[in-house]
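Residue-level listing of the chains:
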Amino acid sequence: MAMALFCLILLFKSTPSDFTTDVHKHTHKGDKGYCSENDWLESFTVIRRLINNGFHRELVSHVQCAAAVPEGSQVLLLEKLPQGVYVDPYQLTSAQEHSDTQVLLASEIDLEAPAYLSSGFSALVYASLDPQCSWCFTTTLPVHARYHRPAGSGEAEQRVSIESPRLLVRAEESTLPLACPQNKVTEAPCTAQNHSLCVWLEIHYQQELEAVSLQIPVGDQRQVLAVCTGTLSVTLLCCCMILGAVWKHGHFQL
Amino acid sequence: MAAYLTTDWTSAFLKKRILFSTAFLIRIVLVFYGVYQDKTMLVKYTDIDYHVFTDASRFITQGSSPYKRATYRYTPLLAWILIPNIYLTALFGKLLFVICDVISAYLMYSILHFRGMGNDKACRYCALWLLNPLPIAVSSRGNAESVLVVLVVATLYYMENRSLVKAAVCYGLSVHMKIYPVTYALPIALSLQTLKDPETEALGNKASSLLSKRIQKFFSRLLNKDLLVFAVIAGGTFFALSLIFYSMYGWEFLEHTYLYHLTRRDIRHNFSAYFYMLYLTAESEWSLALGLAAFLPQLLLLLITSFAYYKDLAFCCFLHTAIFVSFNKVCTSQYFLWYLCLLPLVLPSLTLSLKQGLGLLFLWFAGQALWLAPAYYLEFEGQNTFLLIWLAGLFFLFINSLVLVRIISHYKQRRDPQKTKSG
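Residues numbered from 1 in each chain as written. Chains lettered and ligands numbered in written order. Predicted model: local features only at pLDDT ≥ 70, side-chain atom pairs only at ≥ 80, totals over all residues. Heavy atoms only, no water.

The name given to chain B in an unreviewed UniProt entry is GPI alpha-1,4-mannosyltransferase I, catalytic subunit, with Huso huso as the source organism. Under Pathway (unreviewed entry), UniProt gives the following word-for-word description of chain B: "Glycolipid biosynthesis; glycosylphosphatidylinositol-anchor biosynthesis." Per UniProt, chain B carries the Sequence similarities (unreviewed entry) text "Belongs to the PIGM family." (UniProt positions renumbered as here; feature names shortened; annotations may be inferred.)

In the annotation of an unreviewed UniProt entry, the entry for chain A reads Phosphatidylinositol-glycan biosynthesis class X protein, and the organism field reads Huso huso. Turning to chain A, the UniProt annotation filed under Subcellular location (unreviewed entry) states: "Endoplasmic reticulum membrane". Note on chain A: under the UniProt heading Pathway (unreviewed entry), the record states "Glycolipid biosynthesis; glycosylphosphatidylinositol-anchor biosynthesis."

This is how it looks when you write it as structure tokens:
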């Protein structure tokens with residue numbers, strides 16, 4: 001197994017913006033038998049849910065393995081979040097003290113910009129074995145919706161879809177068939193503290209449902225004339241009210 | 001408006017020492033309760049702003065700029081003052097804000113006392129600030145508004161006493177910390193003008209009553225020693241601080257402390273009547289013109305109230321800030337404190353009955369509640385309540401204007417026996 005590792009060659013790096021690096025490897029004919037024994041790697045299912053309503057949600061990812069998972073395994077979800085949502089790094093820092101989910105953000109996030117002035121970003125969500133169920137990992141990522149452009153054709157809401165994450169697994173090196181041809185190996189930070197890089201195995205999993213999405217209320221662009229007229233009329237009225245009162249009761253001495 | 005509390009235990013309670021100590025104690029208890037709530041419950045007591053200040057102070061202790069902390073949009077002075085948060089205790093800032101809160105009340109008491117009000121009566125008006133849950137919550141949760149309140153009230157106090165140098169320093173500091181006190185410049189300047197001498201005035205009237213001549217005389221009254229001293233010291237304080245921080249932090253300092261607030265176009269929902277209009281026109285070419293159109297009522301009202309009420313600076317500043325906040329493009333509940341802190345100084349001059357006053361207060365709260373309901377459904381339930389929020393915002397502006405009109409029409413200019421002729 002160590003020999004196999006030595007044969008790993010870095011041919012090219014994937015985009016540096018998400019911390020991961022895909023790794024190409026040589027195949028070894030002698031490992032074929034070993035490569036077909038790892039059924040547990042084929043039996044991952046990921047269930048995703050968005051809980052809460054409104055602009056502040058929680059993205060719950062439940063990673064379930066049908067077979068026994070080796071001791072000390074770690075799971076990493078590579079999330080690619082769209083421009084319509086954002087994650088608050090300060091909220092994450094304070095939440096990390098209470099929860100098992102550790103998150104590493106690949107880039108700076110503007111917390112206040114609207115969706116049309118923002119871009120998508122990557123987040124690395126680390127999870128450990130959930131003691132409440134057998135061989136499963138649960139992560140909770142608080143996401144917040146951005147303000148979207150007002151709708152021109154009267155839709156009350158805009159749909160923001162969050163695509164399925166890439167699932168990476170790490171365990172004791174002897175238990176992972178890193179050199180097998182069908183397996184994709186990636187380098188990524190070992191933990192959310194980003195002190196060192198580790199080798200992770202990418203898993204293809206079954207997804208129960210289609211990608212999660214949230215509906216965000218948006219303004220109605222068709223009302224712009226009425227809103228502008230109404231707003232300016234009321235402010236003019238209120239301005240005149242106060243002007244009138246000051247003119248009548250004020251003590252002017254020029 | 002006079003409060004008719006005549007029972008024995010309430011008047012004993014409102015004795016200065018007991019009142020101030022109780023107010024201080026309540027705030028301290030809440031600060032410590034906040035520590036408990038933050039540790040045990042999901043909903044935190046401490047305001048998010050307090051964490052922003054502390055993080056910014058931490059960056060300073062590490063030798064870098066406080067603006068590395070996202071959403072830190074204040075003067076570096078605040079982060080510098082809160083450095084003991086990192087070295088001493090995380091509660092230092094909250095204790096400082098609480099102390100500033102109580103000092104503001106003491107300054108209010110001193111102003112009322114200086115105007116000739118008795119101890120007990122002055123205490124009753126100060127109780128409106130000391131025992132008011134809003135400032136208590138705001139300062140114990142870690143908002144820095146009380147620092148600004150103490151600076152503004154101190155400016156008014158020193159202006160009453162005619163200690164112009166101290167007033168100017170406090171004023172310069174307050175404008176440095178938040179931009180809105182800059183609107184007080186005109187009323188302060190008008191209040192520092194040379195008082196008209198009746199003899200020369202009569203002569204002048206005989207000579208010419210042309211408007212241009214009167215304007216000329218007005219400007220010559222304005223340019224006197226007092227005003228120059230105030231302008232130089234206040235301006236000097238402001239520019240000195242700006243220069244120091246600009247040399248330390250560069251363009252970031254100007255951008256976050258001043259420019260952000262001047263050009264702020266928050267299209268997210270807030271109390272402002274302009275919110276929905278600005279959200280819908282955020283990307284259109286009309287955006288700039290509309291922004292300007294929104295600015296004009298504010299400007300006009302501020303100008304006219306300055307000329308009408310500069311003789312009573314506290315009332316003038318109260319009107320200024322209430323108008324500024326109500327007609328602003330962005331309005332959050334934090335801004336309300338900016339004019340509520342001047343209410344204890346304004347109320348003695350109002351001829352509103354207790355019933356009328358409470359009615360106006362109820363109306364003001366009702367306006368907020370009518371906005372908060374659809375806003376909650378938008379943010380936390382995801383319902384499209386934009387139209388309702390817009391209408392509630394307009395209604396809230398109307399209520400605010402109504403309350404201001406009532407206050408203006410029930411204002412009685414007090415006769416000030418202490419003011420002597422100068423010049």
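Draft legend 1. Just the overall build of chain B, in detail. For chain B, the helix and strand inventory stands at 22 helices and zero strands. Computed over C-alpha atoms, the radius of gyration of chain B comes to 23 Å, within 12% of the 22 Å expected from 2.2 N^0.38 for 423 residues, which places it in the range of a compact globule. Per-residue burial for chain B yields a buried fraction of 52% across its 423 residues. Residue pairs at least 24 apart in sequence account for 73% of intrachain contacts in chain B once pairs closer than 6 positions are excluded. Total accessible area computed for chain B in this model is approximately 19,600 Å², and 69% of it derives from carbon and sulfur atoms. Within chain B, one finds 37 positive and 22 negative side-chain charges whose respective centroids are separated by 8 Å. (Helix = DSSP H or I, 4+ residues; strand = E, 2+ residues; numbered from the N terminus. Rg over C-alpha atoms; globule rule 2.2 N^0.38 Å. Buried < 20%, exposed > 50% of the residue type's maximum accessible area, 1.4 Å probe, protein only. Contact = heavy atoms within 4.5 Å. Areas by Shrake-Rupley, 256 points an atom, 1.4 Å probe, with all protein chains shown as cover. Lys, Arg positive; Asp, Glu negative; His and termini not counted. Charge placed at Lys NZ, Arg CZ, Asp CG, Glu CD.)

Draft legend 2. View of the state of the cysteines. Residue and element names in this part refer to chain A. One pass over the structure, following the stated rule, counts two disulfides over all chains. The disulfide partner of Cys133 is Cys136, and the gap between their sulfur atoms is 1.5 Å. Residue Cys136 is classed as buried on the basis of its relative accessible area, which comes to 0%. Disulfide partner of Cys190: Cys198, at an S-S distance of 1.8 Å. Linking Cys190 and Cys198, the disulfide has an S-S dihedral of approximately 95 degrees and is accordingly described as right-handed. (Disulfide = S-S within 2.5 Å.)

Draft legend 3. Highlighting the packing of aromatic side chains. Residue and element names in this part refer to chain B. This structure, assessed with the given rule, holds 43 aromatic pairs over all chains. A ring pair is formed by Phe53 and Tyr74, whose centres lie 5.0 Å apart and whose planes are at 75 degrees; its orientation type is edge-to-face. One end of the pair, Phe53, is in helix H3 (residues 48–61); the other, Tyr74, is in the loop between H3 and helix H4 (76–81), and 21 residues separate them in sequence. Like Tyr74, Phe53 is buried. An angle of 50 degrees between the planes, with centres 5.9 Å apart, marks the rings of Phe245 and Phe253 as tilted. Residue Phe245 shares its accessibility class with Phe253, and that shared class is buried. The structure contains a cluster of three or more aromatic residues connected by ring pairs, namely Phe271, Phe318, Phe336, Tyr339, Trp364, Phe365, Trp371 and Phe396. (Phe/Tyr/Trp six-rings, centres within 6.5 Å; stacked < 30°, edge-to-face > 60°.)

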